[in-house]
Amino acid sequence: MMTRTFAPPRRGRTLRAISLATLAAVVLSTGVAVTSAQAAGSTLQAAAAESGRYFGTAIAANKLSETAYTTIANREFNMVTAENEMKLDATEPNQNQFNFTNGDRIVSWARSNGKQVRGHTLAWHSQQPGWMQNMSGSALRSAMLNHVTQVATHYRGQIHSWDVVNEAFADGSSGARRDSNLQRTGNDWIEAAFRAARAADPNAKLCYNDYNTDNWSHAKTQAVYNMVRDFKSRGVPIDCVGFQAHFNSGNPVPSNYHTTLGNFAALGVDVQITELDIAGSGTSQAEQYRGIVQACLAVSRCTGISVWGVRDSDSWRSGDTPLLFDGNGNKKLAYNYTLDALNAGGTGNPPTGGCTVTVTRAEEWSDRFNVSLAVSGSSAWRVSVQLQGSQSLQNSWNATVSGSTGTLTAVPNGNGNSFGITLYKNGNTNLPTATCSTT
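In this text the structure is predicted, and so the values were computed from the model without any measurement. (Residues numbered from 1 in each chain as written. Predicted model: local features only at pLDDT ≥ 70, side-chain atom pairs only at ≥ 80, totals over all residues. Heavy atoms only, no water.)

Participant: Go over the packing of aromatic side chains, please, and point to the residues and values.
Facilitator: If you walk through the whole model with that rule in mind, you get twelve aromatic pairs. Their ring planes at 5° and their centres at 5.9 Å tell us that Phe 98 and Phe 100 sit as a pair that is stacked. Among the residues examined, Phe 98 registers a relative accessible area of 26% and is labelled partly exposed. Looking at Phe 100, the relative accessible area reads 14%, which means it is buried. Each ring, one from Trp 381 and one from Phe 419, has its centre 5.4 Å from the other, and the planes form 10°; the classification is stacked. Of this pair, Trp 381 sits in strand β12 (residues 381-386) while Phe 419 sits in strand β16 (residues 418-424), placing them 38 residues apart in sequence. (Phe/Tyr/Trp six-rings, centres within 6.5 Å; stacked < 30°, edge-to-face > 60°. Buried < 20%, exposed > 50% of the residue type's maximum accessible area, 1.4 Å probe, protein only. Helix = DSSP H or I, 4+ residues; strand = E, 2+ residues; numbered from the N terminus.)

Participant: Let's hear about the pattern of salt bridges: which residues, and what values?
Facilitator: Tallied over the full model, the rule gives 22 salt bridges. Among the salt bridges present, the one from Glu 191 reaches Arg 195, with a minimum N-O distance of 3.2 Å. With Glu 191 and Arg 195 both in helix α8 (residues 189-200) and four residues apart, the pair spans about one turn of that helix. The partly exposed category is assigned to Arg 195, whose relative accessible area is 38%. The salt bridge partner of Lys 205 is Asp 270, with a shortest N-O separation of 3.4 Å. Here Lys 205 is found in strand β5 (residues 205-210), whereas its partner Asp 270 is found in strand β8 (residues 270-278), with 65 residues between them in sequence. One network of salt bridges, in which partners are shared, links Lys 63, Glu 66, Arg 311 and Asp 314. (Salt bridge = Lys/Arg side-chain N within 4 Å of Asp/Glu carboxyl O.)

Participant: Could you give an account of the state of the cysteines, naming the residues involved and the relevant values?
Facilitator: Per the counting criterion, the structure on display carries two disulfides. Between Cys 207 and Cys 240 runs a disulfide, and the two sulfur atoms are separated by 1.9 Å. Disulfide Cys 207-Cys 240: torsion about the S-S bond near -75°, hence left-handed. Of this pair, Cys 207 sits in strand β5 while Cys 240 is found in strand β6 (residues 240-243), placing the two residues 33 residues apart along the sequence. Cys 207 sits in the buried class, given a relative accessible area of 0%. Of the residues examined, Cys 240 reaches a relative accessible area of 0% and is grouped as buried. Cys 296 shares a disulfide with Cys 302; S-S distance 2.1 Å. Given an S-S torsion of about -105°, the disulfide between Cys 296 and Cys 302 has left-handed geometry. Here Cys 296 matches Cys 302 in class, with each residue buried. (Disulfide = S-S within 2.5 Å.)

This is the structure:
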């Protein structure tokens, strides 16, 4: 993550808005047969903990003296990321002269309030101190590895997860590494940084962190995936992958977002949403937050979500009002939707005798749209589909569906575990939700 100012712009990053129509494709409803209701959490951290996850935020050291700020942060979040205070220019302003004052202040506040800490970041092409920017070749490689070792050693035993390397791949269709002074030290620099971090802090989870890696079909996503797969096959110490999740106009959350998270997790790494913020306001923004939370909840190795700031006024792009609390510290509609989604819980993995249903928007017309539903975990299932507003059923296929408005019930008819429905919108374009139980 680059410096948290709106200018200069983030080198080549295109921030894209989440349209409800596209986001709906990643809003996954997971239902299982249960014997008792889950207790609802009244805060983000409590609700996330019900499914074994964390909910975190970025913290700025210069705001820790502000009571309104720390009250919200302490109440709502149980994972803390230093916004800028652990980056290269902050921790090693002069070569071999380290300054941990502000990083230590954040860690101390977090730990004294019972919170865990994500370290951000050990190696990055951006926010390098001037002395490092002017280095190259073997001298830069040695300086980078020394920085990783010294910083990770200083915080040994205090960090949950380190963003060891940040934003090392290029945007666009090439799938190439980013051209940077670190990349020019040799293609193995990322591996070397991870090995140095493991030696310095053996118990911290080691993550690769990047942006615009949400769409499974994109070249950048595939390039990061191939690197992680290669690292896992060769025993390079990598434990997690961070998806920054900054969203704005022009670049919607892809319909295969859940596929991306799930495919990375299948490599044997945790996935974390590390810097979430969504431009907008009202119901549109709230629905988008809820969809992303539900996508994480549907992947058992999606271990947590962090938003990048506490209040809109604290955001690096405050004009987009992208966070869960307004500038006065009031809970926004997006907060309520996020809390509700967290309290819905679920890990995405059906227990013995249970099943899971995935809901995806398909073809759409002016007055109606198709919905695809796929069941996993059992061939003897019953799916309840909750229509939104005045929506009504026009057609169905590959299942026996009863009902026409409100809640539909679908059961197998011998055509497998995937089925579809066509709904008249009747003024409501939201994707229906669904739960699955075994019969």
